[in-house]
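Per-entry structural report
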Amino acid sequence: MEHESAGQQSTSHGQIAIVTEAFDPWIELSTYEKSHLTAGHYGAAATFVGTMRDFNEGDNVSAMELEHYPGMTDAQLQAIIDEAQAKWPLDSALIIHRVGRIVPGEPIVLVACWSAHRAAAFDACRHLMEALKSRAPFWKKETLNDQSHRWVEKNTDGYSAP
Amino acid sequence: MEHESAGQQSTSHGQIAIVTEAFDPWIELSTYEKSHLTAGHYGAAATFVGTMRDFNEGDNVSAMELEHYPGMTDAQLQAIIDEAQAKWPLDSALIIHRVGRIVPGEPIVLVACWSAHRAAAFDACRHLMEALKSRAPFWKKETLNDQSHRWVEKNTDGYSAP
Amino acid sequence: MSIKVKCFASMREYLDLSELEIEPGGVKNVADVWLQVAGDKPMPDNTLCAVNQTQADHSFIVGDGDEVAFFPPVTGG
Amino acid sequence: MSIKVKCFASMREYLDLSELEIEPGGVKNVADVWLQVAGDKPMPDNTLCAVNQTQADHSFIVGDGDEVAFFPPVTGG
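**As for the interface of chain C and chain B**
- In this assembly, 19 residues from chain C lie in contact with 25 residues from chain B.
- Here chain C and chain B share an interface that buries about 1,700 Å² over both sides, 55% of which is from carbon and sulfur atoms.
- Its largest share of buried area at the contact with chain B, chain C owes to V74(C), T75(C) and G77(C), together 39% of the area lost on that side.
- The interface formed by chain C and chain B contains two salt bridges.
- The partner of R12(C) in a salt bridge is E67(B), and the shortest N-O contact between them spans 2.4 Å.
- For the pair chain C and chain B, the interface holds 16 residue pairs in polar contact (both at pLDDT 80 or more).
- Of all the secondary-structure elements, those providing two or more residues to the side of chain C that touches chain B are α1 (9-15), β4 (54-56) and β5 (67-71) of chain C.
- Ranked by residues supplied to the side of chain C that touches chain B, first place goes to α1(C) with four residues.

Set out below in structure tokens:
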């Protein structure tokens with residue numbers, strides 16, 4: 001699938017894409033798996049999709065503007081994938097992140113890891129997501145129902161379930 | 001998507017299916033999300049797909065027969081989902097598991113959890129997968145390249161990456 | 001009435017037995033069911049048992065109408 | 001030559017500045033760049049800095065041709 005792309009890099013073991021248009025994560029996963037993975041070689045695919053909610057911190061949210069730092073974002077995402085590749089035996093890893101104007105129900109981010117075994121796939125997928133949330137230069141500005149705007153000030157800890 | 005189904009149960013918060021034919025996990029996820037989830041309500045989807053490899057414990061594997069205990073398997077999978085629903089605030093959970101003859105590259109199991117936040121989705125997805133591996137009555141018999149057969153004797157620990 | 005016995009996977013092959021109905025006379029618990037269907041074949045160490053599709057140990061009391069299953073450790077997923 | 005300065009998100013709004021080139025004269029490190037572009041506006045506590053698209057602290061040495069960025073904590077994903 002070709003993207004209206006604000007940045008894309010591909011290595012033998014992974015791919016990142018920063019996209020300006022809505023994407024369907026399940027179609028992306030299907031397409032990527034067919035083109036980048038060898039059937040029978042991987043036994044585990046762990047994936048995460050972050051989707052825009054219509055509420056945040058007790059308020060209704062009607063839209064969001066997602067800003068990024070072109071160049072640095074791509075480099076950070078690639079570095080995060082490279083680190084994961086060094087730490088876990090991954091067949092491949094994929095990150096897709098949306099930028100620009102987003103409305104509730106639309107996917108924001110997709111992270112996926114393929115490996116021979118499930119522990120590596122699970123660990124690497126979650127690590128990629130937490131590294132992305134803490135290090136990749138993206139910023140969210142929410143539009144509330146009364147048309148006022150506010151910047152999201154920080155990301156929450158993703159390892160502590162409520 | 002309708003399945004050649006050996007067992008299917010649906011509750012307001014989750015669904016299990018034991019299927020006898022090959023399934024496409026990404027189409028299943030897309031279909032399930034459209035029919036069972038409310039856009040804008042969930043912010044996180046964590047999924048896992050287990051796929052048959054063409055190697056195991058150092059040997060090439062050409063096919064597999066997946067046996068189950070009809071009735072008990074369904075009840076165990078439903079119990080596992082109910083437990084996860086009680087422990088984490090999930091919008092929905094889905095388990096699909098293949099039985100019968102399987103060849104390398106074909107998906108064996110799909111587990112997916114949707115929640116408002118990522119920690120709950122990640123934790124619940126992994127818990128469902130480990131609970132399934134340790135408690136759901138399925139058994140694998142591998143066919144090696146020389147046409148000999150062997151039972152897989154036990155599942156490995158899914159929390160320890162190599 | 002009777003007790004339904006089921007065996008799965010390598011246990012089915014070990015006992016050459018998939019499904020059987022036995023008379024409940026003289027059967028008090030899961031261990032007695034094993035003796036009825038397996039005779040002098042020893043029960044493998046890692047054998048799991050279920051009564052009415054819920055896991056149970058060897059001393060679990062069974063009788064008329066129950067379903068008892070024997071199987072090895074599960075290996076799905 | 002010059003130093004390119006970029007600001008993102010709430011920092012862009014705070015300084016009313018998206019991108020600017022400044023003369024490197026008198027600029028030794030990141031903190032000096034801030035003084036040049038922000039004047040007497042204090043740097044918010046949680047401000048992050050990057051030099052040539054790699055995160056850096058305020059004492060990081062910069063000069064001709066470098067790209068310096070200021071931004072708040074990241075909130076993607």
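**Observations regarding the environment of G25(C)**
All names here are of chain C.
- Relative to the helices and strands, G25 is located in the loop between β2 (19-22) and α2 (30-38).
- Judged by relative accessible area, G25 falls into the exposed class, the value being 54%.
- Between the alpha carbons of G25 and D45 there is a distance of 27 Å; along the sequence they are 20 residues apart.

**Looking at the sheet that holds β4(C)**
Residues and elements named next belong to chain C.
- Spatially, β2-β1-β5-β3-β4 is the arrangement adopted by the five strands of the open sheet, whose pairing is mixed. The open sheet has two edge strands with one neighbour each: β2 and β4. If you compare each strand with its neighbour and ignore which way they point, the axes differ by 30 degrees on average.
- Note that strand β3 (residues 48-51) and β4 share three bridges and pair antiparallel. Bridging from a neighbouring strand, A50 pairs with Q55 of β4.
- Running at roughly 70 degrees to β5, α2 makes contact with β1 (3-7), β2, β3 and β5 of the sheet.

**Observations concerning the interface of chain A and chain B**
- Residue-level contacts link 45 residues of chain A with 45 residues of chain B.
- Overall, the association of chain A and chain B removes approximately 3,600 Å² of surface from exposure, summing both partners, and the carbon and sulfur fraction of that is 58%.
- Of all residues in chain A, W26(A), R118(A) and F122(A) bury the most surface against chain B, accounting for 23% of the area lost on that side.
- Along the contact surface separating chain A from chain B lie four salt bridges.
- The interface formed by chain A and chain B includes 17 residue pairs in polar contact (both at pLDDT 80 or more).
- Breaking the side of chain A that touches chain B down by element, the ones donating at least two residues are α1 (25-36), β3 (44-51) and α3 (118-135) of chain A.
- It is α3(A) that contributes the most residues to the side of chain A that touches chain B, 10 residues altogether.
- Its residues assigned to classes, the side of chain A that touches chain B comprises 23 nonpolar, 12 polar and 10 charged.
- The pairing of β3(A) with strand β3 (residues 44-51) of chain B spans seven bridges and is antiparallel. In the strand pairing of β3(B), G50(A) is matched with A44(B).

**With respect to the relation of the copies chain A and chain B**
- Mapping chain A onto chain B leaves a residual RMSD of 0.0 Å; the transformation is a rotation of 180 degrees accompanied by 0.0 Å of translation along its axis. In symmetry terms, the pair is related by a two-fold rotation axis.

**A word on the nonpolar core**
- One finds L77(A), L128(A), L77(B) and L128(B) to be the most contacted residues of the largest nonpolar core, which totals 70 residues.
- Not counting residues up to four positions away in its chain, the partners in contact with L128(A) are I80(A), I81(A), A84(A), A93(A), I95(A), V111(A) and C113(A).
- Formed by 30 residues, the second largest nonpolar core is a distinct cluster that contains F23(A), A17(B), L29(B) and W114(B).

**So, the arrangement of the chains**
- Contact analysis covers three pairs of chains in contact, and the most contacts occur between chains A and B.
- The two units chain A and chain C never meet; even their closest C-alpha atoms stay 10 Å apart.
- As for chain D relative to chain C, no contact occurs, and the smallest C-alpha gap between them is 29 Å.

**Overview of the pairing of strand β2 (residues 14-19) of chain B**
Residue and element names in this part refer to chain B.
- Burial runs high along β2: six of the six residues are buried.
- The two faces of β2 match: G14, I16 and I18 on one face and Q15, A17 and V19 on the other face are all buried.
- With six bridges joining them, β2 and strand β6 (residues 90-98) adopt parallel strand pairing. Opposite I18, over in β6, you have H97 as the bridge partner.

Here is what the cut-offs are and how they apply
- Residues numbered from 1 in each chain as written.
- Chains lettered and ligands numbered in written order.
- Predicted model: local features only at pLDDT ≥ 70, side-chain atom pairs only at ≥ 80, totals over all residues.
- Heavy atoms only, no water.
- Contact = heavy atoms within 4.5 Å.
- Buried area = accessible area lost by both parts, 1.4 Å probe.
- Salt bridge = Lys/Arg side-chain N within 4 Å of Asp/Glu carboxyl O.
- Polar contact = N/O pair within 3.5 Å; in protein donor to acceptor, adjacent residues only side chain to side chain.
- Helix = DSSP H or I, 4+ residues; strand = E, 2+ residues; numbered from the N terminus.
- Buried < 20%, exposed > 50% of the residue type's maximum accessible area, 1.4 Å probe, protein only.
- Pairing = 2+ DSSP bridges.
- Axes fitted to C-alpha atoms, helices over the stretch in contact; angles between N-to-C directions.
- Nonpolar A, V, L, I, M, F, W, Y, C, P; charged D, E, K, R; others polar.
- Least-squares fit on C-alpha atoms with pLDDT ≥ 70 in both.
- Core = buried A, V, L, I, M, F, W, Y, C linked by side-chain atoms within 4.5 Å.

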